[in-house]
Structures are given as structure tokens and as C-alpha cells.
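# Working through the structure, step by step
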Amino acid sequence: MRPVSLALFVVAACSSASEPPHAQAPPPGPSAAPASSPSPAAAPASNPTPTLRAPMTHLAPALEAELKAVRSDPIEAIGYGKKTYRPYEPTTGENLIASDDPAVTPRLLAEAQGGGDRVYRLAVVHLLGMRATSDVDAALIALLDDREVSATAAYLLGRAGFKGYPSRTRDVAAIVAALRRHVDDAATFDDPFYRRTFRVQDFVLGALARLLGPERFQIADPRFDNDIGYALPWWSDTVRAELLTQVRTR
Amino acid sequence: MQRKAADGDAAAGGSEADTRFPRVAAIANRGLDAAALRQALTADPSLAREIPMYLAAGGAPQLNDLMAAAYPAVPVAKPEQPPAVDGPVGSSAIVKGEGTKSEKQPTDPTQPLPAARPGNKPLDKGVLKWTLKAVDHETADIDIDFKPDPAKVEAKNVSFVQTVISKVGTGFAYGGGTATNPAKKQAVYQPFEEPGSKKRVDHFPDGENDPFYGAEWNQSSKKWQREGASSQVGKSPKGGTSTSAKMHDGPDAPESRMGLGDTSSEFETVPVVLETRQPLGSLTWGFKIKDQANSRIELTGGTDADCKDAPSADWGKTLDQFYVGKFETILDEFDIAKADLKPDHKTKLDAVVTKMKADTSLKAQLGGACDLTGDEQFNKALSLKRAENARDYLVANGIAAGRLEVQSYSFDWARVEAEPGKSEGKNRRVQVWLHK
């Protein structure tokens, strides 16, 4: 994993039910205030990699207001993109997406890691993934270990830099390595915004194919080149099996 | 890498599809009747999932007809209700689907898709080729290729400007719409709607500052580049060999069959020379879906008759509206070969200062450009200087330099149509894009 900047916490994943104490945060961003404790989801016991934890720093009032708006109606916070290659389009949170405040990414991560409404957490992850700052990828990687939001985190790791999703300074090798750990995750993911059920691994496979380069795959589906990693994972069992096989050798 | 279907392959009878989907091809060519087809698909349901892809790839169209016979549509008079949710409306309760696109698709997943509509039509200024198809019953897909005729078109950059109008019931639908409100982000998109036709340039207002579909400005090289892997910026050098402009689109209607009314999207895609705004042809296409359970997607347009030498009058007006909606102000009519701000430029910038002071989250991109006269290197420097002068004025009036970005488009981006070598004052400009 690439070094993480700003106010993200790095905590060794615990192998028991007890949580380690939160690591000391680096100095918070300009608008940060004393942190309250997040209630992060426990990391999987089998995960040997460090997991990021973020402090619940307070943001500027306008940004707090946007978070409140998302929390009040999270299902309406993420709309349809009207294009297969851009299925999600936030309806609120434009300042959270655009803000240069270094406290924003840690705060969004903390919200996404916090307990409570899963749809709210997913909406926050979508906002996080549209930010341009270089700390976003580390935050999304941390969220890969959270079953409830891992599919969305994987999706957003795969689609930076295309049609409304900003290019970021990225360590692609670290992202690919992190995604590979979840490639066999056959758990289901209920997407509340589309009211559809997918497999977590399908989002992981899509992101990996996009990051590794669709041209390196031979997949018998005419939509593969254009949409893989951008569109919702529409593929059949056959395509999934092909992807899974090929992703292991690419 | 599996080769992408070349334009016209679909019309040629589906050999590419046969290669990609041999199991489906075997069924298509076996001469089964409807009953035997049902029996085969019942025995191997995975085949049914491959059939739409086979047909979309240009597979044998008789299979489509056979599917229609094997699985006749069930007429349903009553509109399908929105899917029930657990808990009160607006809550974040989750409804589980069945694996893919469950409640949006026809309840009979084997409903045949409409036949693909490929085209290949010589126009005055080049050849337009396309393949319009339905990917599933809420998604269309189109690839468009325009190859300029170098004897008639001189162009450094050729791409596309696409207009769109999407409706749900009697209202409009936009990106960012939701199942309960397809027009939720209307306020964001509405500034781009041409007042008469209500069409708008198809782009993402939150992240794109140009109207081109298939091209984007490379900030480093100061050149137009392809927008994605499936697009290509064309060119047509004088006396040389032209290169095709290419684009791909995949619009969908996720709010269809939800009791909100029939859905439709109409597009007009126009190849255009970026440095002159000269339109080179036009293709209208789209799709519609009835608000009924089990309704099929219907393709619209995309025939030879929908491909023309010139765009509609709406297209030009809609492109003009893009500049009104996108930019806070445009400082134009700079003196030829000069970068000095004029009094009316300063008045316009004063309004920008007021707005940026009122909302400190706003940033500004100042894009300098020039007309089609003069030397390229001189014009690059000139358009940059115009943008820098606008930036310096804003800084002098209290806007932090860190909130301002200058860009130099030289004579590579025309706001209004102009002939090479002729001076056009509205292209000698600085366009001010305010964004978060």
C-alpha cells in the first residue's frame, strides 16, 4: 500500500474481536476540530494488511450541511447517470466533491466506515470516489475490507479519470494489488440506487480489467472494450469465469 | 484482444457474431422451430443470456424472429407499478433484485431485441458509418465513424457535437435523476436547454467544459485528444489522407416501466471541425420504451433517411446555448493580434469578481482563444496572454490566484463558425468557466 498522507489513520488490522486503540492522527486539516471516535467496522480476521481508520473531524458549515442532506435522504443523493458508462450521478455534495480541504477525505472515510445506514455510507463512498485528491485511493482501498461498501469502493477505484471522475495521482500497482485480494469475493452486493443485486467480485473484476487494460483481455462480449469497469457489471457466468481466469494471469 | 465488430459487419450476416458466440450460432443455423428453440433454451438457460449479445453483435436476424415466435409478448394493459420498498417512501430500504436489471427489464427475459440498424452513407463532406443497436431492453448503443473527404474538408481536428432530449411521461429526464424524480438535477442541466426545442448538448455539466463528444482538451500538450478508448479525433489535412472521427455512446433509461410514463431519448450527432465549427453531416437516432410491463425497447432513427448532409436548425441553436449555459461570461471581440482588455471586458470581469467573492468555493478557468488568421505559435501565445490578462484583472480585484486557471486554446476551438483565414471577432475571446 502506498504511503497515506493527510489525516488518515493507519491501524493494524485486528485478529480478534477487540479493536486496537486508534492511532494518533497527524495534524488535522485547516478546518478540523477535535475528533470524536468513529465506530469502524471490524476488519476481516484473515486480512493481514494495514487498514485505514479516519478521524471524525468537523468540516466547514457548508460541507457539514451537505453531509446532513445526504444523511437525510441517502437514496436520493445518488441519481442515474443516464449512460451505461456512467451509471451513478450524485445529486448533492458538489462541495464535498470539489473541496480542497484536506480534512474532507478523512471525514468521508470516517462516515463510510461508521456504523448506521448502509445506504448513507454508500452515498458517501460515491462522493469520495469523485474527489480529485491523491488521498482518495488509499481511503477506497481501506473500504475494500468493509463488506457493505466494498463493491462500490472497487468500482470507484477502477473508474477514475473518465467522464466526470477526475484523474488522480495514483499508485496503480498498489490499487491492483489491493483489488486482487478481493477477486474471489462471491458475496452479493445489493445496490440500493438501482435496486439490483450483484456480486462483489464482479465490481472487483471490472475495476481490475479497466486498470490492467481491456486490450489485454479476450472476452467474448461486444460491450467489453467500451464499458468494462464503467458500466454496472452485466456479465454472464461465462464472462465472469473468463475474466476470473484471465485476471489471474495478467 | 477480441476484434471489435467493424461497421457493416452486422449487415453482412453475422460472421463475427458466429465466431464470438458459436453455441448460439449453432442454434441459429440449425433450423429449429419455435418449440424446439424453447426446449433448447430450457435445457441450457445460459444460452438465453448469450442470445441478446449475439444479436447485438450482428448475429443472424432470423434468430430474433424465431425468439419472437418462441416467446410471444404477453399484452399487459395495466402499467407496471414502481417496485415496492420496505419502509416509507424515501427511506433507504433496499429491494433485492434477481441478479441483473431485474425489475426494469421485461419480465420475460427472452423478449427479442430489435434488429440492429447499421448504416454507411456517403455525404457531401465525407462518409458516415454507424451501428445502432439495443443492448438490452433499457439500453441503446451506438458507434459512429465519420471519415472526412480530404478533397472537400481541411481540418486539424474532427469530432462530434451531440444534442439530446430525454423524456419520461410528460416531463424531461436528466442525468442525476432518480426513481422518484427523473428531473431531480434539472436545475443543473436546464441552462443548456435551447429554449425552443428544449434540446441540450449531451455532456456532463459537472466535469466537462467543452461541447465535444469524443474529444477532450489535453492540458499538457495543448491539443485535442480522444475522450476514451472507444473514440478517436479525426483529421483531414489538405491534399493528404483523412482519418476518421469516432465515438461511442450507450444511453439508458433506468427509470422506465416504473409508472412514470413512457420514456424516450432522441439524439442528433453531428461531426464537426473543431477549429471552424463547420458541421459535416448529421445522424438522428434514439430509442423509446413504453411504460408497460414486458414492453420492449424500440429503436428510433438511425436509418439512411436519418443521415443527412447538414444538421437541423435546432442543432446550431443548441450549440449556441451551450456557450450561454457553460460560461459565466465570454470576453470577445478582442482587437486583432491584441490581448488588451477592453472596457466591456472589465465590466464583465467585475461581475465575476462579485460572484467569486460571494461564493469562495468557486474557481475559474479562463480559456483564451483566437480567430483563424495568423501564425500558430503567435496565436498560442496571444490566446494565453488574453487569458492571463483576464486572470491578472481578477487578482488585482481581490481574487486569489490559486482559484484561477488559465488555458490557451489558440485557434483550435471555434465558438462560432468561421472559414479558415477569415477573422471572426467572437472567436477572439476569453471564456470564463466558473466551477466548484
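Computed from a predicted model, the values in this text were never measured in an experiment.

### Quick word on the overall build of chain B
What chain B contains, in helices and strands, is 10 helices and 19 strands. For chain B, the proportion of its 436 residues judged to be buried stands at 48%. Looking at chain B alone, contacts between residues at least 24 apart form 69% of all its contacts between residues at least 6 apart.

### Some details on the overall build of chain A
Counting its secondary structure elements, chain A contains 11 helices and 6 strands. Of all 250 residues assigned to chain A, the portion counted as buried reaches 56%. The long-range fraction of contacts in chain A, counting pairs at least 24 apart against all pairs at least 6 apart in sequence, stands at 67%.

### Considering the sheet that holds strand S16 (residues 329–331) of chain B
Sheet strands associate in pairs through backbone hydrogen bonding, adopting either a parallel or an antiparallel arrangement. Residues and elements named next belong to chain B. Pairing is mixed across the open sheet formed by 4 strands, whose spatial order is S16-S19-S17-S18. Looking at which strands have only one partner, the edges of the open sheet turn out to be S16 and strand S18 (404–408). Here the average twist between neighbouring strands, direction ignored, is 20°. Examined bridge by bridge, strand S17 (residues 363–369) and S18 share 5 bridges and lie parallel to one another. Following the sheet pairing, Gly-367 is matched in S18 by Gln-407. With respect to the sheet, helix H10 (residues 376–396) is in contact with S16, S17, S18 and strand S19 (429–435), its orientation differing from that of S18 by roughly 165°.

### Looking at helix H8 (residues 172–180) of chain A
All names here are of chain A. Within the span of H8, buried status applies to Ile-175, Ala-178 and Leu-179. Axial view of H8: buried residues confined to an arc of 100°, hence all on one face. Residues of H8 that are buried in the fold lie against helix H6 (136–143), helix H7 (150–158) and helix H9 (200–212).

### Re helix H11 (residues 237–247) of chain A
Residue and element names in this part refer to chain A. For H11, every residue scored as buried is listed here: Val-239, Leu-243 and Val-247. Viewed along the axis of H11, the buried residues span an arc of 60°, placing them on a single side of the element. In this structure, H11 carries Asp-237, Ala-241 and Thr-245 as exposed residues pointing more than 90 degrees from its buried face. Those residues of H11 that are buried lie in contact with H9.

### Side note on unusual backbone geometry
In this structure, Lys-82 of chain A takes a positive phi of about 70° despite not being glycine. Note on placement: Lys-82 of chain A falls in strand S3 (residues 78–83).

### As for the nonpolar core
Leu-128 and Ala-154 of chain A are the most contacted members of the largest nonpolar core, which has 69 residues in total. Here this core gets 8 residues from one element, more than from any other, and that element is helix H5 (residues 118–129) of chain A. Not counting chain neighbours up to four residues away, the residues in contact with Ala-154 of chain A comprise Leu-144, Leu-179, His-182, Phe-203, Val-204 and Ala-207 of chain A. Among the nonpolar cores identified, the runner-up in size contains 63 residues, and Leu-113, Val-135, Val-233 and Met-247 of chain B belong to it.

### Details of the packing of H5 of chain A against H7 of chain A
Residue and element names in this part refer to chain A. The interhelical angle for the contact between H5 and H7, taken along N-to-C directions, is 15°, at an axis separation of 10 Å. Relative to H7, the element H5 lies roughly parallel. For H5 against H7, the interelement crossing comes out right-handed. Each of Leu-122, Val-125, His-126 and Gly-129 in H5 lies in contact with H7, whose residues at this interface are Thr-152, Ala-153 and Leu-156. Taken together, the residues that form the contact of H5 with H7 break down as 4 nonpolar, 3 polar and no charged.

### Comments concerning the sheet that holds strand S10 (residues 245–249) of chain B
Residue and element names in this part refer to chain B. Taken in spatial order, the 4 strands of this open sheet run S1-S2-S3-S10, and their pairing is antiparallel. Taken across any chain shown, the strands that pair with only one partner, and hence form the sheet edges, are strand S1 (117–123) and S10. Recorded for the sheet is a direction-independent mean angle of 10° between the axes of neighbouring strands.

### Considerations on the pairing of S3 of chain A
All names here are of chain A. For S3, the tally of buried residues reaches 6 of 6 residues, placing the bulk of the element in the interior. The pairing of S3 with strand S4 (residues 86–90) spans 4 bridges and is antiparallel. Paired with Gly-79 across the bridge in S4 is Glu-89. What sits between the antiparallel neighbours S3 and S4 is a turn of 2 residues.

### What to know about the environment of Leu-280 of chain B
All names here are of chain B. With respect to the helices and strands, the residue Leu-280 is situated in the loop between strand S12 (278–279) and strand S13 (282–289). Leu-280 sits 64 residues away from Asp-344 along the chain, and the two C-alpha atoms are 35 Å apart. Apart from the residues lying within four places of it in its own chain, the contact partners of Leu-280 are Lys-125, Gly-126, Phe-146, Pro-148, Val-153, Pro-271, Val-272 and Val-273.

### Examining the environment of Ser-150 of chain A
Residues and elements named next belong to chain A. Checked against the element boundaries, Ser-150 lands in helix H7. Put simply, Ser-150 and Gln-201 are 51 residues apart on the chain and 9.4 Å apart in space, counted from C-alpha to C-alpha. Residues in contact with Ser-150, not counting those within four places in the same chain, are Leu-143, Leu-144, Asp-145, His-182 and Val-200.

### A closer look at the packing of H6 of chain A against H7 of chain A
Residues and elements named next belong to chain A. At a closest axis distance of 8 Å, the pairing of H6 and H7 adopts a crossing angle of 150°. Classed by the angle they form, the pair H6 and H7 counts as roughly antiparallel. Once H6 is placed against H7, the crossing between them reads as left-handed. Only Ser-150, Ala-153, Leu-156 and Leu-157 of H7 make contact with H6, whose side of the interface consists of Asp-137, Leu-140 and Leu-143. Residue composition of the contact of H6 with H7, by class: 5 nonpolar, 1 polar and 1 charged.

### Some remarks on the confidence of the model for chain B
Residue and element names in this part refer to chain B. Summarising the model, chain B shows a mean pLDDT of 85, and 82% of its residues fall at 70 or more. For the stretch residues 1–14, pLDDT sits under 50, and the model shows 32 contacts to residues farther than four places along the chain or on other chains. Counted against residues more than four places away or in other chains, residues 72–102, with its pLDDT under 50, gives 54 contacts. Model confidence for the complex is summarised by a pTM of 0.79, with the ipTM given as 0.79.

### A short note on the confidence of the model for chain A
All names here are of chain A. In the predicted model, chain A carries a mean pLDDT of 81, and the fraction of residues at 70 or more is 78%. Mean pLDDT across the elements of chain A bottoms out in strand S1 (residues 9–11) (41) and peaks in H5 (98). Scored below 50 in pLDDT, residues 1–48 makes 104 contacts in the model with residues more than four places away or belonging to other chains.

### Quick notes on the environment of Pro-166 of chain A
Residue and element names in this part refer to chain A. Structurally, the position occupied by Pro-166 is in the loop between H7 and H8. As a C-alpha pair, Pro-166 and Leu-208 span 42 residues in sequence and 18 Å in three-dimensional space. Excluding its chain neighbours within four sequence positions, the residues that come into contact with Pro-166 are Ala-132 and Ala-160.

### Concerning the pairing of strand S8 (residues 223–226) of chain B
Relative to S8 of chain B, strand S7 (residues 215–218) of chain B runs antiparallel, the two sharing 4 bridges. Within S8 of chain B, the position partnered with Ala-215 of chain B by the bridge is Arg-226 of chain B.

Basis of the calculations
Residues numbered from 1 in each chain as written. Chains lettered and ligands numbered in written order. Predicted model: local features only at pLDDT ≥ 70, side-chain atom pairs only at ≥ 80, totals over all residues. Helix = DSSP H or I, 4+ residues; strand = E, 2+ residues; numbered from the N terminus. Buried ≥ 20, exposed ≤ 12 C-beta atoms within 10 Å, placed from the backbone. Contact = placed C-beta atoms within 7 Å. Pairing = 2+ DSSP bridges. Axes fitted to C-alpha atoms, helices over the stretch in contact; angles between N-to-C directions. Arc of directions from axis to C-beta. Core = buried A, V, L, I, M, F, W, Y, C linked by C-beta atoms within 7 Å. Parallel < 35°, antiparallel > 145°, perpendicular 65-115°, else oblique. Left-handed = near helix turned anticlockwise from the far one by under 90°. Nonpolar A, V, L, I, M, F, W, Y, C, P; charged D, E, K, R; others polar. pLDDT = per-residue confidence, 0-100.

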